[in-house]
Amino acid sequence: MHVLIVEDERSLHQEVRQFLLQAQYLCDSAFTFAEASEKIFVNSYDFVLLDLGLPDGDGLQLLREAKQNERQEASFIVLTARGAIDDRIKGLDLGADDYLPKPFSLLELLSRMQAITRLKFGLKRQEMVFGNGFHLDVTGRTLRYEGAEVPLTKKEFDLLHYLLLHKNRVLTRLQLGEHLWGNVLEDDSDSNYIDVHIKNIRKKLGHFAPADFLETVRGIGYRVSEQLSN
């Protein structure tokens, strides 16, 4: 999961960043309105954690602009001062998915992000069942088949998880690369690193059961094509 942290208070920013990195999120940083606006325009994020009190602009205006960017599918969590009820309401009205009053618990932040992900992708719990017997535990970051663990690397797990979240949707190599490594240059879009990871995933799954649900869409990218149990 690719997260942009927009927060000008350096100590809080670093605390959130380190916590999410340990939770296996990929994090970008922005400390100003201008920096955040540029990154939101250029990159695709799963989450934007947005402080409203930025030194060079209004966070609500940034949210408004971001929602006009058709490429941006991020879920927004607004970070506000505890008493700023009007800002919370305005943020939700503009399309924010949630808000957290400062000071907040990092564990609560993570829990809310997980809840938003479940709601966004129609999941009932932090486990995804697919391929007639595979169980992917999002919280425990494990993949099992009939009780036996399927050994995946961190990137293989993240790649499979992201494809499963977007089941029946074709994802390009560039999209997959952005969500695994962050900012990926267009010049690198023909690199075979995604292909290598997919090949390894198929091989590991194939030791347990057929992995024909993981489809190659020639010239574009990959897709998980099936109904998931959740």
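Residues numbered from 1 in each chain as written. Predicted model: local features only at pLDDT ≥ 70, side-chain atom pairs only at ≥ 80, totals over all residues. Heavy atoms only, no water.

Looking at an unreviewed UniProt entry, one finds the chain named DNA-binding response regulator and attributed to Hymenobacter crusticola.

J.: Looking at this model, I keep getting lost on the overall build of the chain. Mind explaining?
T.: Looking only at helices and strands, the chain has eight helices and 14 strands in total. Here the C-alpha radius of gyration of the chain, 18 Å, is about what a compact globule of 230 residues would show, namely 17 Å. Here the chain holds 230 residues, and 48% of them are scored as buried. At a minimum sequence separation of 6, the contacts of the chain that also span at least 24 residues come to 58%. In the form shown here, the chain has an accessible surface area of approximately 11,300 Å², with 49% of it arising from carbon and sulfur atoms. (Helix = DSSP H or I, 4+ residues; strand = E, 2+ residues; numbered from the N terminus. Rg over C-alpha atoms; globule rule 2.2 N^0.38 Å. Buried < 20%, exposed > 50% of the residue type's maximum accessible area, 1.4 Å probe, protein only. Contact = heavy atoms within 4.5 Å. Areas by Shrake-Rupley, 256 points an atom, 1.4 Å probe, with all protein chains shown as cover.)

J.: I'm lost on the UniProt feature "modified residue: 4-aspartylphosphate" (unreviewed entry) in the chain in this one. Help?
T.: UniProt marks Asp51 with the feature "modified residue: 4-aspartylphosphate" (unreviewed entry), using the numbering shown here. Following the sequence through the fold, Asp51 ends up in strand 3 (residues 47–51). Contacts of Asp51, omitting those with residues within four sequence positions, involve Val6, Glu7, Asp8, Gly59, Leu79 and Lys102. (UniProt positions renumbered as here; feature names shortened; annotations may be inferred.)

J.: Just checking my understanding: could you explain the nonpolar core for this structure?
T.: One broad rule of soluble globular proteins: the nonpolar side chains tend to lie buried together. One finds Leu20 and Leu49 to be the most contacted residues of the largest nonpolar core, which totals 50 residues. In terms of residue count, helix 6 (residues 154–165) provides more of this core than any other element does, seven residues in total. Counting only domains with at least three residues in this core, you end up with domain 1 (2–121) and domain 2 (127–224). Beyond its immediate stretch of four places on either side in the chain, Leu20 contacts Val3, Ile5, Tyr25, Cys27, Leu49 and Met113. In this structure, Ala30, Phe33, Leu60 and Ala96 belong to the second largest nonpolar core, which totals 19 residues. (Core = buried A, V, L, I, M, F, W, Y, C linked by side-chain atoms within 4.5 Å. Domains from an automatic or database assignment.)

J.: Any chance you could explain the pairing of strand 10 (residues 142–145) here in plain terms?
T.: On any regular strand, side chains alternate: one points to one face of the sheet, the next to the other face. Alternating positions in strand 10 separate cleanly, Leu143 and Tyr145 being buried on one face and Thr142 and Arg144 remaining unburied on the opposite face. In this sheet, strand 10 lies alongside strand 9 (residues 134–137) in antiparallel orientation, the contact comprising four bridges. Looking at the pairing, Phe134 lines up with Tyr145 of strand 10. Following strand 9, the chain reverses through four residues before pairing antiparallel with strand 10; Arg141 in that reversal takes a positive phi of roughly 55°. In sequence, strand 10 turns back onto strand 11 (residues 148–149) through a hairpin of two residues, with Glu146 there showing a positive phi of about 50°. (Pairing = 2+ DSSP bridges.)

J.: So what exactly am I meant to see when it comes to the packing of aromatic side chains here?
T.: Here the distance between the centres and the angle between the planes together describe a pair of aromatic rings. This model, assessed by the stated rule, comprises five aromatic pairs. Residues Phe130 and Phe213 carry aromatic rings whose centres are separated by 5.4 Å and whose planes lie at 80° to one another, so their mutual orientation is edge-to-face. Linking Phe130 in strand 8 (residues 127–130) with Phe213 in the loop between helix 8 (193–206) and strand 13 (214–217), this pair joins segments that are 83 residues apart in sequence. Given the relative accessible area of 1%, Phe130 is considered buried. Here the aromatic cluster, defined as three or more aromatic residues joined through ring pairs, consists of Phe130, Phe134, Tyr145, Phe208 and Phe213. Here the guanidinium or amino end of Arg10 rests over the ring plane of Phe31, the centre of that ring lying 3.7 Å away. (Phe/Tyr/Trp six-rings, centres within 6.5 Å; stacked < 30°, edge-to-face > 60°. Lys NZ or Arg CZ within 6 Å of the ring centre and 35° of its normal.)

J.: Where do I start with the packing of helix 6 against helix 7 (residues 173–181) in this structure?
T.: Relative placement of two packed helices is described by the angle separating their axes and the distance separating the axes. One way to put it is that helix 6 packs onto helix 7 with a least axis distance of 10 Å and a crossing angle of 130°. As summarised for this structure, helix 6 and helix 7 are arranged oblique, according to the angle between their axes. Classified by chirality, the crossing of helix 7 by helix 6 is right-handed. For the pair formed by helix 6 and helix 7, the contact residues are Lys155, Asp158, Leu159, Tyr162 and Leu163 on the first element and Leu176, His179, Leu180 and Trp181 on the second. Looking at the contact of helix 6 with helix 7 residue by residue, the classes come out as six nonpolar, one polar and two charged. (Axes fitted to C-alpha atoms, helices over the stretch in contact; angles between N-to-C directions. Parallel < 35°, antiparallel > 145°, perpendicular 65-115°, else oblique. Left-handed = near helix turned anticlockwise from the far one by under 90°. Nonpolar A, V, L, I, M, F, W, Y, C, P; charged D, E, K, R; others polar.)

J.: I'm lost on the domain arrangement of the chain in this one. Help?
T.: As a measure of interface size, the accessible area lost when the parts come together is often cited. As far as domains go, the chain holds domain 1 (2–121) and domain 2 (127–224). For domain 1 versus domain 2, the separation of C-alpha centres amounts to 27 Å. In this assembly, 14 residues from domain 1 lie in contact with 14 residues from domain 2. The junction of domain 1 with domain 2 conceals about 1,100 Å² of combined surface from both sides, 44% of it contributed by carbon and sulfur atoms. Counting the surface domain 1 buries against domain 2, the share from its top three residues, Gln24, Leu26 and Phe121, is 46%. At the junction of domain 1 and domain 2, the tally comes to one salt bridge. (Buried area = accessible area lost by both parts, 1.4 Å probe. Salt bridge = Lys/Arg side-chain N within 4 Å of Asp/Glu carboxyl O.)

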